[in-house]
Amino acid sequence: MSRSQRCAPHSEGGVSLFEVLLAVGLFGLLLTAIYESALIGLRTVNAAEERQDIRQQLANALDRLTREASAASNVRDATSTRFRFDADLDGDGSIENPEQRIDYELESGDLMRDDDQTPNVTLVRDLTSVTFTYTDLNGNTWTSGDEDDIRVVHVTISATRGLETVTTSPIN
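Residues numbered from 1 in each chain as written. Predicted model: local features only at pLDDT ≥ 70, side-chain atom pairs only at ≥ 80, totals over all residues. Heavy atoms only, no water.

Novice: I'd like a description of the overall build of the protein, backed by residues and values.
Specialist: On a plain count of helices and strands, the protein comes out with two helices and nine strands. Scanning the protein from its N terminus toward the C terminus, one meets helices and strands in the order α-α-β-β-β-β-β-β-β-β-β. In the protein, once contacts between residues fewer than 6 apart in sequence are set aside, the share between residues at least 24 apart is 36%. Here the protein displays about 11,400 Å² of accessible surface, and carbon together with sulfur accounts for 52% of that area. (Helix = DSSP H or I, 4+ residues; strand = E, 2+ residues; numbered from the N terminus. Contact = heavy atoms within 4.5 Å. Areas by Shrake-Rupley, 256 points an atom, 1.4 Å probe, with all protein chains shown as cover.)

Here is the structure:
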């Protein structure tokens, strides 16, 4: 075999180092794109679950507050961030029991519920705002005076998670 035959380029179907590196690089780019897409999808799902969770917490808190406030017979304190009242929760016609003296208040960003039996129960954490507004027996906004004149309590609760703010309030 002559020297020129030994050094001649192979015409057989081999792959050069450049082709292998190119294929590995393209495969890496493809895997990176798939990973980024999956990561964006996962973040979207997590954000949706977090929004649903806060909405459920707000709905539960409003449901409880609405149920208890509808049984209120004696408003003891009414401010924009606090609503204290007595309610006949057991339906016995009396508000003698300590657990029937109820207090809802925004404390350090948390909606707290308090009664004499179970003090300081956190209903929802990390709120942006809780606002209580009141309507008197003439349908006017009540701001001060005799708490016995209050007929309707409007509650608005806002929470911010990530870039989204969720605000909820019950229908009168």
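Novice: Tell me what's going on with the pairing of strand S6 (residues 127-136), and back it up with residues and numbers.
Specialist: The side chains of a regular strand alternate between the sheet's two faces. Examined bridge by bridge, S6 and strand S8 (residues 150-161) share nine bridges and lie antiparallel to one another. Each bridged residue has a counterpart across the sheet, and for valine 130 the counterpart in S8 is isoleucine 157. Pairing between S6 and strand S7 (residues 141-142): two bridges, direction antiparallel. Its bridge partner being in S7, threonine 135 is matched across the sheet by threonine 141. The antiparallel pairing of S6 with S7 creates a hairpin that spans four residues between the two strands, and glycine 139 there sits at a positive phi of about 85°. (Pairing = 2+ DSSP bridges.)

Novice: I'd like to hear about the sheet that holds strand S5 (residues 121-124), residue by residue, with values.
Specialist: Ordered by their spatial adjacency, five strands build an open sheet running S1-S2-S3-S4-S5, and the pairing between neighbours is antiparallel. Each edge of the sheet is formed by a strand with only one pairing partner; in this case those strands are strand S1 (72-78) and S5. Across the sheet, the mean angle separating the axes of adjacent strands is 25° when strand polarity is ignored. Set on the sheet, helix H2 (residues 17-69) makes contact with S1, strand S2 (82-87), strand S3 (101-107), strand S4 (110-114) and S5; between it and S5 the angle comes to about 120°. (Axes fitted to C-alpha atoms, helices over the stretch in contact; angles between N-to-C directions.)

Novice: Before we move on, could you go through the nonpolar core and cite the residues and values that matter?
Specialist: Counting residues in hydrophobic clusters, the biggest one holds 25 residues, and the most contacted among them are Leu127, Phe132 and Ile157. Residue assignment for this core shows that the elements contributing at least two residues are H2, S1, S2, S3, S5, S6 and S8. Considering every element that reaches this core, the biggest residue donor is H2, with five residues. (Core = buried A, V, L, I, M, F, W, Y, C linked by side-chain atoms within 4.5 Å. Buried < 20%, exposed > 50% of the residue type's maximum accessible area, 1.4 Å probe, protein only.)

Novice: So, the packing of aromatic side chains: which residues are in play, and what are the values?
Specialist: Under the definition given, this model contains five aromatic pairs. Geometrically, the ring pair formed by phenylalanine 83 and tyrosine 134 is tilted, given 5.8 Å between the ring centres and 45° between the ring planes. Note that phenylalanine 83 is positioned in strand S2 and tyrosine 134 in strand S6, a separation of 51 residues in sequence. Of the two residues examined, phenylalanine 83 and tyrosine 134, each falls in the buried class. Both rings, one in phenylalanine 85 and one in tyrosine 104, keep their centres 6.3 Å apart while their planes meet at 10°; by these two values the pair is stacked. Taken together, the positions of phenylalanine 85 in strand S2 and tyrosine 104 in strand S3 put the pair 19 residues apart, joining distant regions of the chain. The same class applies to phenylalanine 85 and to tyrosine 104, which are both buried. Taken together, the ring pairs connect Phe83, Phe85, Tyr104, Phe132, Tyr134 and Trp142 into an aromatic cluster. (Phe/Tyr/Trp six-rings, centres within 6.5 Å; stacked < 30°, edge-to-face > 60°.)

Novice: Which residues make up a nonpolar patch on the surface, and what are the values?
Specialist: A cluster of nonpolar residues, Phe18, Leu22, Leu26 and Leu29, forms a patch on the protein surface that exposes about 460 Å² of accessible area. Given a relative accessible area of 59%, leucine 29 falls into the exposed group. (Patch = residues over 30% accessible without salt bridge, like charges linked within 9 Å, V, L, I, M, F, W, Y side chains within 5 Å. Salt bridge = Lys/Arg side-chain N within 4 Å of Asp/Glu carboxyl O.)

Novice: Got a sec to walk through the environment of threonine 160? Specific residues and values, please.
Specialist: One can find threonine 160 in strand S8. The spacing of threonine 160 and leucine 127 is 33 residues in sequence and 6.9 Å in space, taken between C-alpha atoms. When sequence neighbours within four positions are dropped, the list of residues in contact with threonine 160 reads Thr128 and Thr165. At 3.0 Å, the side chain of threonine 160 forms a polar contact with the side chain of threonine 128. Of note is the side chain of threonine 160, whose polar atom sits 3.0 Å from the side chain of threonine 165. (Polar contact = N/O pair within 3.5 Å; in protein donor to acceptor, adjacent residues only side chain to side chain.)

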